[in-house]
Amino acid sequence: MKVLSVVGARPQLVKLAPIAQAFSGTEHEHVIVHTGQHYDVNLSDVFFTGLGIPDPDAHLGVGSGSHGVQTGAVLSAMDPVLELERPDWVLVYGDTNSTLAGAVAAVKMHIPVAHLEAGLRSFNRRMPEEHNRVLTDHAADLLLAPTEEAVRHLTAEGLAGRTELVGDVMVDVCLRVRDDVLAGRHPAPALPEGIDPAEPYLVATLHRAENTDDPRRLAGFINAMAALPVPVALLAHPRLVARAEAQGLKLAQGAVHVAHPLPYASMVAAVLGSAGVVTDSGGLQKEAYLLGRPCTTLRGETEWVETLADGWNHLVPDPAELGDEWVKLATRPAPEAARGTPYGDGRAAHRVVEVLARHHAG
Ligand code: UD1
């Protein structure tokens with residue numbers, strides 16, 4: 001069986017790592033296509049080297065652009081690659097423009113498509129990621145769901161017949177790297193200057209279009225973080241830096257200390273060393289949960305509803321609405337309640353390979 005993975009953005013590289021590892025040592029062939037949606041060293045290259053992912057077999061070099069331009073560029077660049085490789089499966093990941101374009105390109109050439117992390121829903125149609133999820137799920141032939149909740153969403157949309165519950169591959173990679181960090185196999189993370197790793201600090205990220213592209217919202221989030229009584233390590237995505245600059249907003253103010261995005265193992269180490277997380281990232285909410293740190297999510301909804309149990313994660317669409325409660329919430333200690341294992345046992349990637357092989361043979 002020949003499987004062609006299409007990736008392009010940072011969270012997809014994290015998910016690709018355990019999949020590539022699960023394929024190595026099998027008789028199956030695994031081809032990697034990088035769309036080039038993310039091209040910064042900090043968002044792309046360090047994930048290949050840091051997570052031991054083989055170099056991509058093809059690089060489409062699409063770069064940035066409006067949604068239509070970016071999605072269209074991947075779509076048209078995929079045709080010759082699929083023509084050349086003729087895989088048995090195209091495997092697409094998550095919810096980015098690269099995901100949707102990879103799926104549509106394969107469907108048009110009658111190549112079976114599997115969607116990893118299928119069935120997630122925010123029910124917020126303003127998010128580009130939500131369009132990408134819904135359209136990709138309905139185009140794909142095989143839906144690899146990470147959670148029971150995702151299976152319920154797919155069932156409600158009439159897609160149960162194409163769905164397989166495999167668990168979440170991010171557990172595979174997160175727990176493996178956590179063990180390496182705890183065993184001292186990774187250097188200490190480079191925290192922003194001014195943050196003492198021996199003292200309590202928070203890890204923060206902010207990059208979603210709905211939060212960065214509205215000047216009033218963005219200024220509100222930065223002011224709220226600046227007012228916290230503990231230092232905040234803001235690991236700034238290029239979108240955040242670009243939008244703040246365009247809006248004349250200074251990110252480093254008050255408690256906020258700014259640094260570049262971290263490689264994966266450093267991020268895991270930074271979260272393990274922290275008192276908690278403030279973010280609008282999907283992946284980081286779940287990593288905080290897996291690593292046992294309280295998370296405050298700067299959104300009105302989450303796809304990872306399991307993290308909300310017992311207050312491990314709290315949704316805050318607008319910190320200003322909370323008044324004094326904001327500081328208390330963002331700096332709350334970890335709940336005492338034990339966490340469940342809603343995301344699986346850390347063997348999801350092996351299950352993905354088995355399921356693809358079974359459906360290919362069948
Ligand atoms: C994308 C995904 C989002 C994912 C996120 C993770 C879509 C619609 N969004 O958002 O689901 O959570 O990646 O990081 O696919 N830029 C750079 N260098 C880069 C990449 C981006 O400077 O390497 C800047 C560019 O100014 C670009 C902007 O960031 O215009 C946005 O990049 P884009 O790939 O469109 O979306 P992300 O915000 O990264």
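Placed above this text is the structure.
The sections below set out a description of the structure shown in this document. Given the structure is predicted, the values throughout are model-derived calculations rather than measurements.

## Some points on the overall build of the protein
Alright, step 1. When you go through the protein residue by residue, the secondary structure sums to 14 helices and 13 strands.
Alright, step 2. At 20 Å, the protein has a C-alpha radius of gyration in line with the 21 Å of a compact globule built from 362 residues.
Alright, step 3. Looking at the protein residue by residue over its 362 residues, the buried ones come to 57%.
Alright, step 4. Residue pairs at least 24 apart in sequence account for 69% of intrachain contacts in the protein once pairs closer than 6 positions are excluded.
Alright, step 5. Distance between charge centroids for the protein: 2 Å, based on 29 positive and 44 negative side chains.

## Observations concerning the site of the ligand
Alright, step 1. By nearness alone, 21 residues border the ligand, and Q37, H38, Y39, D40 and R239 come closest of all.
Alright, step 2. Take H207: an N or O atom from its side chain is 3.1 Å from an oxygen atom of the ligand.
Alright, step 3. Contacts to the ligand include R239, whose side-chain N or O atom sits 2.6 Å from an oxygen atom.
Alright, step 4. For the ligand, whose free accessible area comes to 740 Å², the fraction covered by protein is 89%.
Alright, step 5. Of all the elements in the fold, those that place two or more residues in the shell around the ligand are α1 (10-23), α3 (67-85), α5 (128-139) and α10 (238-246).
Alright, step 6. Classifying every residue of the shell around the ligand gives six nonpolar, nine polar and six charged.
Alright, step 7. Taken domain by domain, the makeup of the shell around the ligand includes at least three residues from each of domain 1 (2-168 + 344-361) and domain 2 (185-330).

## Some thoughts on empty space enclosed by the protein
Gaps left between atoms show up when a probe the size of a water molecule is rolled over them.
Alright, step 1. Scanning the entire structure with this criterion turns up one cavity of 30 Å³ or more.
Alright, step 2. Of the pockets and cavities examined, the largest cavity occupies roughly 40 Å³.
Alright, step 3. For the largest cavity, the full set of lining residues is K15, L116, E117, P146, G167, D168 and V169.
Alright, step 4. Tallied by class, the residues present in the lining of the largest cavity amount to three nonpolar, one polar and three charged.

The rules behind each value
Residues numbered from 1 in each chain as written. Predicted model: local features only at pLDDT ≥ 70, side-chain atom pairs only at ≥ 80, totals over all residues. Heavy atoms only, no water. Helix = DSSP H or I, 4+ residues; strand = E, 2+ residues; numbered from the N terminus. Rg over C-alpha atoms; globule rule 2.2 N^0.38 Å. Buried < 20%, exposed > 50% of the residue type's maximum accessible area, 1.4 Å probe, protein only. Contact = heavy atoms within 4.5 Å. Lys, Arg positive; Asp, Glu negative; His and termini not counted. Charge placed at Lys NZ, Arg CZ, Asp CG, Glu CD. Near = heavy atom within 4 Å. Polar contact = N/O pair within 3.5 Å; in protein donor to acceptor, adjacent residues only side chain to side chain. Areas by Shrake-Rupley, 256 points an atom, 1.4 Å probe, with all protein chains shown as cover. Nonpolar A, V, L, I, M, F, W, Y, C, P; charged D, E, K, R; others polar. Domains from an automatic or database assignment. 1 Å grid on protein atoms, 1.4 Å probe; cavity = no way out; pocket = protein on both sides within 12 Å on 5 of 7 lines; lining within 4 Å. Points joined across faces, edges and corners; volume = space filled by probe spheres on them.

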